[in-house]
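# Fold and contact review
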Amino acid sequence: MSGSFISDLSHDPFGGRIVYLIFGKPKLGKTSLLLRMLKEHQDQTALLISADKGDTQVRLDPGSYQGRLAISRPTTLREWRVCIHEATTRIENAVKKRPPGTVWCVLDTTTHMQVQLLTESRKLSVMTAKSGKGRIEDGDEYTRDLITQVDYNVNLGHMAEITNSLMRLPCNLVFFALERTDTDAFERKTSVPSLSGQSRDKVMGDADVIARLVKDDGEARRLLVAPGSGWTAGDRTGRLAAEEPADLWAMHQKILAKPEAKA
């Protein structure tokens, strides 16, 4: 029952479930982390919620994922709610039939989801603010600023609604996000997940692992898991190195590995 205590921790429905937030610049291969895992490990299955339509690899080679990957491409709040409702049903059914830890739900990308919902909210706010005779003039900055503030508050509610629903799913979760650079008052630059307002704090707080995907001069990709001078990251599990290969499956198995017994 929701809200009750679990005494037998070996039967925790969220036992072994890991939540990842992986961010990086466009076209670095964030979606490929998931697709490579599905290709190489036939016992894994996933739901991919594709907000950026970045599932080109699947469309070019659908046979490699048939029966183990389902994709949804919502664009409006109504579609997002339908998508989350169906994802909940599918995940709950899947975890009854499959071994623990073999089911994944992936949001690709959280950045695109926020932009979609914010754009829709702003459009509705502008329509609501229009008078019967006129419209909001482009130069009316006070009105536009007010509408934007309302939009961000509404957006925070929608983002929390969707991410909270995903967090209730008894499966592994991956939040992909784009990267942006923040500059503080001392001109120090930090690479962070590209999310606006309190939504970024919410998603980062939900994640067990925050990893930055980067590419070096030799085209090799790696995941920065420990925070450094110029980027944010983190590992709540305490089982990952500061840098890990760009391999979602290997990183997941390293987290789940039982610690060696001490003599």
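Since this is a predicted model, take the numbers as computed values, not measurements.

### Overview of the environment of Cys105
- Looking at the element boundaries, Cys105 is found in strand β4 (residues 103-108).
- Put simply, Cys105 and Ala87 are 18 residues apart on the chain and 8.2 Å apart in space, counted from C-alpha to C-alpha.
- The contact partners of Cys105, leaving out residues within four places of it in the chain, are Leu47, Ile49, Leu166, Leu169, Cys171, Asn172, Leu173 and Val174.

### Some details on the packing of aromatic side chains
- Summed over the entire model, instances satisfying the criterion amount to 1 aromatic pair.
- Ring plane angle 20° and centroid distance 6.2 Å describe the contact between Tyr20 and Trp104, whose orientation is recorded as stacked. On the criterion of sequence distance, the pair formed by Tyr20 in strand β1 (residues 19-24) and Trp104 in strand β4 is long-range, its members being 84 residues apart.
- By relative accessible area, Tyr20 is classed as buried at 0%.

### Quick word on the nonpolar core
- Grouped together as the largest cluster of nonpolar side chains are 31 residues, with contacts concentrated most on Ile49, Trp80, Cys105, Leu166, Leu173 and Phe175.
- The dominant element in this core, judged by the number of residues it contributes, is helix α3 (residues 77-97), at 7 residues.
- Within the second largest apolar cluster, 29 residues are counted, among which are Tyr65, Val174, Phe176 and Val225.

Reading the values: rules and limits
- Residues numbered from 1 in each chain as written.
- Predicted model: local features only at pLDDT ≥ 70, side-chain atom pairs only at ≥ 80, totals over all residues.
- Heavy atoms only, no water.
- Helix = DSSP H or I, 4+ residues; strand = E, 2+ residues; numbered from the N terminus.
- Contact = heavy atoms within 4.5 Å.
- Phe/Tyr/Trp six-rings, centres within 6.5 Å; stacked < 30°, edge-to-face > 60°.
- Buried < 20%, exposed > 50% of the residue type's maximum accessible area, 1.4 Å probe, protein only.
- Core = buried A, V, L, I, M, F, W, Y, C linked by side-chain atoms within 4.5 Å.

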